[in-house]
Amino acid sequence: MNYKISVIDDNSTDTEYVAALVGCWAESEGHSLKISTFPSAEAFLFQYEEERDFDILLLDIEMKEMNGVELARKVRQGNDAVQIVFITGYPDFIAEGYEVSALHYLMKPVSYEKLHEVLNKAALNLAKTEKRLCVTYERRTDFVPFSQILYVEAQKQYVLIHTFAETYRMKRSFAETVEELDEFFFKCQRSFCVNLYHVTRIGSSGVTLKNGEEVPISRGMAEKIGKEMIRLF
């Protein structure tokens with residue numbers, strides 16, 4: 001599996017140590033890893049505005065200005081899937097961790113065996129969580145479950161994410177967006193990628209979805225879509 005993990009700690013020595021342990025865990029379990037480190041909660045939040053697809057956060061609690069619990073509260077406002085692990089030298093904040101659904105507390109100095117155990121638990125939780133697409137629009141970010149996406153449409157430098165409830169317009173390439181989706185999404189035309197789970201009828205020029213919408217398909221694509229649906233379902 002691929003995981004995006006961040007270590008946030010204002011002590012550079014502790015940060016490097018924990019990051020190294022995370023690397024050892026990924027290697028031992030056969031996972032691909034993208035790890036980033038931040039010296040403060042504020043530095044992480046600045047990056048988080050642009051990248052909200054972190055899987056696991058390892059947060060020091062005692063930091064200058066904003067502490068780890070305050071950071072976790074901000075992250076949790078729009079993200080209930082990310083796994084949060086607190087690292088601390090004091091047990092005083094444990095009660096507050098329940099407010100942000102923290103996975104675990106690790107006491108400093110962190111042992112590799114305990115971190116390994118906690119990261120395996122985090123990976124298991126992530127596997128159980130429905131995949132979501134990070135959609136940024138109008139200075140907001142939502143995590144849209146794949147199951148709610150009907151189809152994706154290219155619109156010049158934007159991409160439209162059509163769901164049962166609404167349509168999101170995000171400034172991002174169609175190709176990059178489609179690449180993040182799973183095998184149930186099928187590129188049926190140059191500008192359209194449809195969620196096969198919601199297809200109810202296949203025609204020669206388009207597919208009909210559960211909400212009644214019709215999405216155009218390329219010539220000769222109907223047979224390919226039919227075969228793919230048989231394979232998946």
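The structure contained in this document is the topic of the report that follows. What you are looking at is a predicted structure, and each value in this text was computed from that prediction instead of being measured.

### So, helix α1 (residues 12-29)
Along its 18 residues, α1 runs 26 Å from first to last C-alpha, staying within 8% of the 26 Å computed at 1.5 Å per residue. At its buried positions, α1 is contacted by β1 (2-8), β2 (32-38), β3 (56-60), β4 (83-88) and α5 (112-128). The N-cap of α1, judged by a side-chain oxygen 3.0 Å from the amide nitrogen of T13 a few residues on, is N11. Where α1 terminates, the next one or two residues include G30, which has phi positive at roughly 75°.

### Observations concerning the sheet that holds β4
The parallel open sheet is built from five strands, whose spatial order is β2-β1-β3-β4-β5. Across the chains shown, the open sheet's two edge strands, defined by having one partner strand only, are β2 and β5 (104-107). Across the sheet, the mean angle from the axis of one strand to that of its neighbour is 20°, orientation sign disregarded. Here β1 runs beside β3; their pairing, made up of four bridges, is parallel.

### A short note on the packing of aromatic side chains
By the definition in use, this model includes nine aromatic pairs. For the pair F38 and F44, a centre-to-centre distance of 5.4 Å together with 85° between the ring planes defines the contact as edge-to-face. For F38, a relative accessible area of 11% gives the class buried. Through a chain of ring-to-ring contacts, three or more aromatic side chains come together here, namely F38, F44, Y48 and F54. Against the face of F54 rests K4, its NZ or CZ located 4.7 Å from the ring centre. Between the NZ or CZ atom of R169 and the centre of the ring of Y158, over which it lies, the distance is 3.7 Å.

### What about the sheet that holds strand β8 (residues 149-155)?
An order of β10-β9-β8-β12-β11 is seen for the five strands of this open sheet, with the pairing classed as antiparallel. In this open sheet, the two strands that pair with only one neighbour each are β10 (167-170) and β11 (185-189). When strand polarity is set aside, the average angle formed by the axes of neighbouring strands in this sheet is 20°. Relative to strand β12 (residues 192-195), β8 runs antiparallel, the two sharing three bridges. Each residue of the ladder has a partner; that of E153, found in β12, is F192.

What counts and what doesn't
- Residues numbered from 1 in each chain as written.
- Predicted model: local features only at pLDDT ≥ 70, side-chain atom pairs only at ≥ 80, totals over all residues.
- Heavy atoms only, no water.
- Helix = DSSP H or I, 4+ residues; strand = E, 2+ residues; numbered from the N terminus.
- Expected span 1.5 Å × (residues − 1).
- Contact = heavy atoms within 4.5 Å.
- Polar contact = N/O pair within 3.5 Å; in protein donor to acceptor, adjacent residues only side chain to side chain.
- Pairing = 2+ DSSP bridges.
- Axes fitted to C-alpha atoms, helices over the stretch in contact; angles between N-to-C directions.
- Phe/Tyr/Trp six-rings, centres within 6.5 Å; stacked < 30°, edge-to-face > 60°.
- Buried < 20%, exposed > 50% of the residue type's maximum accessible area, 1.4 Å probe, protein only.
- Lys NZ or Arg CZ within 6 Å of the ring centre and 35° of its normal.

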